[in-house]
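Listed here are the chains, written in short residue letters.
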Amino acid sequence: MYQHKRVLALLIAILLTFSACSQAPSQTSTESGEGSESATNSQTNADSSEPILDLPLTTEEVTFTMFMPGLDNLTSSFALEDNDFTKKIYEDTGIKLEFISCSQAERKDKLSVLLNSGDYPDLIRDNSMQLNDIQYYADQGIFIALDDYGLMDYPNIKAAFDEFPEINDALRGNDGKLYAFPEVNDCLHNTYRGGRMHYYMPWFRDNDIEVPETLDEFTEYLRWVKTSDPNGNGKQDEIPLAFWNNEGIIKNAISALAKPFLPWVYTDKDWGLAVVDGKVTEQYRTEEFRDALRYMNSLYEEGLILENSFSITQDELRAIGEDPEGPMIAVVAALGADGACQKGSERWAEYFFLMPALEGPNGDKWAPNKDPWNIFYPGLMVTDKCSDPALVTALYNYMIDFEVSMDGYIGPKGEAWDDPDPDGISLRGDKAKYKLLVNYGTQRENSGWNQYNPMMRNSDFRLGEQAQDYETALEWLETGNPDLLDQVYTNPSFNEIANYNTALPLMDYAIPEEYFLPPMALSDDDNTRVADIKAVLDPYKLQVFAEFITGTRDIETEWDAYLQELDAMGSPEMVEILQQNYDNKTE
């Protein structure tokens, strides 16, 4: 949850973080063109009911400032002078974008400081922001309502609402207004990313070991890795299980190891907060979760979890995972195959294997699925600093056009993707919509926005990719035949084929929809109170779970004190508020 002004101690900590960030190279702060203020006299018919559809969208030079996370190895700059997609937007529309940019890891703290300082840009791009956070800043007058700008007159925006009317439940505020343009990612493998582990397949293949199906088998495999020298270097230096110091990754790791014990909920907004028999339930108070923490502690005490997983960076973990002397890490609790190595690197395809749902001590298996509303995101928020929201509406409609989205997703048409072959078959077996020319993750640096551009990725988008050499990719996933690796790495379709097919088996063990809290736009008072409680509670949960796992806290003698601390932080009040809102919504 984003930090509010009243949470003074946390805000001070964040300000210190931001101060440190401001000393970094300029790419992590502001990327500018020739100006920094939005034009006020653009010929856009901002006061007209007519939609702005023809390109260019404006005949006058217009500049919008924009908060944009996503700096990484494939997008080191969003700036006009550096990035092909940003140039395309300017050349097509006449609109210049100037960025306040940062990495995903810096996103949350940096945006919080911007919004609470009063010195924020025209546009906010953060598809991780939750509905109640959006409502909070709308209540402050920072985010403006978009309903008055003729959304249904824009064909791409209208198509999204027509296909997915659930957007209204997911994104509208408690006043019924829309404060964020919608984004959709109807994607199976992203839905099943609420607690997953990738394993290094060759150690199973080369040693004729079956992939674990139960928690006991998983534990025995980790012990085998620690003692059997599977990389053959004559040393017991292998790491059975690892993750790294990132809030989302630590949540993912703990969730993956909790699911054999209970249907642990991990969504974009909730962690360990579920609906059980119609009652909002704090799963992190239960004896089942306590047993899960006991299990994690036993792994840590045996040296089966990398000792510094709670402090190591991903770059440091990748340095281990990409060790030229040989593979080192057996299982990585990560959201993708690139946890311990870069996309497209030597071992990337060998980590493209998901640990199945593991049967726990009570005989149940639970998949890492998120809630059914997780496919809807806030694509772009417009602030009260913006002089021309009507033009921004036209810009957003342009950006979610299919071909424009593809250019932002992976790079220019003709270089990174193209029209399908005349007889091209899609990943789902019908006529293909497009084909990739490069494997995702290997595209040219700054050729696009590397998926950080807003998109309307329905199933036609996700599964409409032309399946190139589908049989070879599937054979690799089924057999791990090393003779296929060269073909796998040169197959632009492999990433999506693997994502889809490795997620499919998890569907049989999905946590039912009724376990998840639905989207709820709380009243102003409820929203503020829940936000204030979560601002303290969420980081505390991360800290105390890590302490129980590492043994800094004793799970046997200090559990009751932990429960009392939850009470003192207001968690019972939070549950009461959520229960009232849940009852009102489901009556």
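Look up: the structure comes first, before these words.
Residue numbers restart at each chain and count upward from 1, following the sequence in its written direction. Only residues with pLDDT of at least 70 are given local features in this predicted model, and only at 80 or more are side-chain atom pairs given and counted; all residues enter the totals for whole chains, interfaces and linings. Excluded from the side-chain calculation are hydrogens and water; included are all heavy atoms of the structure.

S.K.: How would you sum up helix H19 (residues 524-550)? Please name residues and give values.
M.R.: Between its first and last C-alpha atoms H19 spans 39 Å; for 27 residues at 1.5 Å apiece the expected length is 39 Å, and the two agree. Here the bend at each residue means the angle between axes fitted to two seven-residue stretches, the one ending at that residue and the one beginning there. Elements are defined by DSSP. Helices are runs of H or I of four residues or more, strands are runs of E of two residues or more, and each kind is numbered from the N terminus. At Lys 534, H19 shows its maximal kink, close to 30 degrees. Categorising residues by exposure relies on relative accessible area from a 1.4 Å probe, with only protein chains included: less than 20% of the type maximum marks a residue as buried, more than 50% marks it as exposed, and the intermediate range marks it as partly exposed. Burial analysis of H19 places 20 of its 27 residues in the buried class, the great majority of the element. A positive phi of about 90 degrees marks Gly 551, the residue just after H19. One less than the number of residues in a helix, times 1.5 Å, gives the span that helix is expected to have.

S.K.: I'd like a rundown of the sheet that holds strand S6 (residues 198-199), residues and numbers included.
M.R.: Taken in spatial order, the three strands make up an open sheet running S6-S10-S7, and their pairing is mixed. In this open sheet, the two strands that pair with only one neighbour each are S6 and strand S7 (239-242). Strand pairing is assigned whenever DSSP identifies at least 2 bridges connecting the two strands. One ladder, built from two bridges, connects S6 with strand S10 (residues 329-332); its direction is antiparallel. By the bridge assignment for S10, His 198 is matched with Val 332.

S.K.: Any details on helix H21 (residues 571-586)? Residues and values, ideally.
M.R.: The first and last C-alpha atoms of H21 sit 22 Å apart over 16 residues, in line with the 22 Å expected at 1.5 Å per residue. For H21, every residue scored as buried is listed here: Ser 571, Met 574, Val 575, Ile 577, Leu 578, Gln 579, Asn 581 and Tyr 582. Residue contacts are counted whenever heavy atoms from the two residues lie within 4.5 Å of one another. Here the buried face of H21 lies against strand S8 (273-276), strand S9 (279-282), H19 and helix H20 (559-568).

S.K.: Tell me what's going on with the environment of Asp 122, and back it up with residues and numbers.
M.R.: Topologically, Asp 122 is positioned in the loop between helix H3 (104-117) and strand S4 (123-124). Along the chain, Asp 122 and Phe 78 lie 44 residues apart, while their C-alpha atoms are 16 Å from each other. Polar side-chain contacts of Asp 122 include one of 2.8 Å to the backbone nitrogen of Thr 65. In protein, a polar contact requires one atom able to donate a hydrogen and another able to accept it; more generally it is a pair of N or O atoms within 3.5 Å, and residues adjacent in sequence count only if both atoms are side-chain atoms.

S.K.: Can you break down the packing of aromatic side chains residue by residue, with the values?
M.R.: Note on aromatic contacts: the rings of Phe and Tyr and the six-membered ring of Trp form a pair at centre separations within 6.5 Å, being stacked when their planes are under 30 degrees apart, edge-to-face when over 60 apart, and tilted otherwise. Tallied over the entire structure, the rule returns 37 aromatic pairs. Plain terms: the ring middles of Tyr 200 and Tyr 351 are 5.2 Å apart, the flat faces sit at 50 degrees to each other, and that makes the pair tilted. Separated by 151 residues along the polypeptide, Tyr 200 in the loop between S6 and helix H8 (202-206) and Tyr 351 in the loop between S10 and strand S11 (376-382) bring together distant segments of the chain. The exposure classification of Tyr 200 matches that of Tyr 351, with both residues buried.

S.K.: How would you summarise a negative patch on the surface if you had to cite specific residues and measurements?
M.R.: A residue counts toward a patch only above 30% relative accessible area and without a salt bridge, and it is joined to like-charged neighbours within 9 Å or, for Val, Leu, Ile, Met, Phe, Trp and Tyr, to nonpolar neighbours within 5 Å. To measure how exposed things are, a 1.4 Å probe is used in the Shrake-Rupley method; for residues, cover is taken only from the protein chains shown. Salt bridge, as used here: a side-chain nitrogen of Lys or Arg that lies within 4 Å of a carboxyl oxygen of Asp or Glu. Charge convention: Lys and Arg are scored as positive, Asp and Glu as negative, and His as well as the terminal groups of each chain are ignored. Charge placement uses NZ in Lys and CZ in Arg. For Asp and Glu, CG and CD serve respectively. Residues Asp 208, Glu 210, Asp 216, Glu 217, Glu 359 and Asp 364 make up a contiguous surface patch of negative charge. Residue placement: Asp 216 occurs in helix H9 (residues 215-228). On the basis of relative accessibility, which here comes to 61%, the residue Asp 216 falls in the exposed class.

S.K.: Could you give me a rundown of the environment of Glu 496, with the residues and numbers involved?
M.R.: Mapped onto the fold, Glu 496 is located in helix H18 (residues 494-503). For Glu 496, a relative accessible area of 6% gives the class buried. In sequence terms Glu 496 and Ala 467 are 29 residues apart; their C-alpha atoms lie 8.9 Å from each other. Those residues in contact with Glu 496 that lie beyond four places of it in its chain are His 189, Tyr 409, Leu 427, Arg 462 and Glu 465.

S.K.: With reference to specific residues and values, describe the pairing of S9.
M.R.: Going residue by residue along S9, you find Val 280 and Glu 282 tucked away on one face and Lys 279 and Thr 281 left uncovered on the opposite face. Hairpin connection, S8 to S9: the antiparallel pair is bridged by two residues, and Asp 277 has positive phi, about 55 degrees.

S.K.: Could you give an account of the side chain of Asn 132, naming the residues involved and the relevant values?
M.R.: For Asn 132, the location among the structural elements is in helix H4 (residues 131-139). Since its relative accessible area comes to 16%, Asn 132 is described here as buried. Here Leu 522 takes part through its backbone nitrogen, which lies 3.4 Å from a polar atom of the side chain of Asn 132. With near-sequence residues (within four places) excluded, Asn 132 lies in contact with Met 520, Ala 521, Leu 522 and Asn 527.

S.K.: Residue-level account of the pattern of salt bridges, with values.
M.R.: Within this structure, the stated rule accounts for 36 salt bridges. The shortest N-O distance in the salt bridge between Asp 460 and Arg 428 comes to 2.4 Å. A residue pair is termed long-range when its members are at least 10 positions apart, and Asp 460 in helix H15 (residues 459-463) and Arg 428 in the loop between strand S12 (417-418) and strand S13 (435-436) qualify at 32 residues. Residue classification places Arg 428 among the partly exposed positions, given a relative accessible area of 37%. Arg 553 is paired through a salt bridge with Glu 547; the nearest N and O atoms lie 2.7 Å apart. Per residue, the accessibility class of Arg 553 equals that of Glu 547, and both read buried. One connected set of salt bridges, linked through shared partners, spans Glu 287, Arg 290, Asp 291, Arg 294 and Glu 556.

That's the geometry; what it means functionally is another story.
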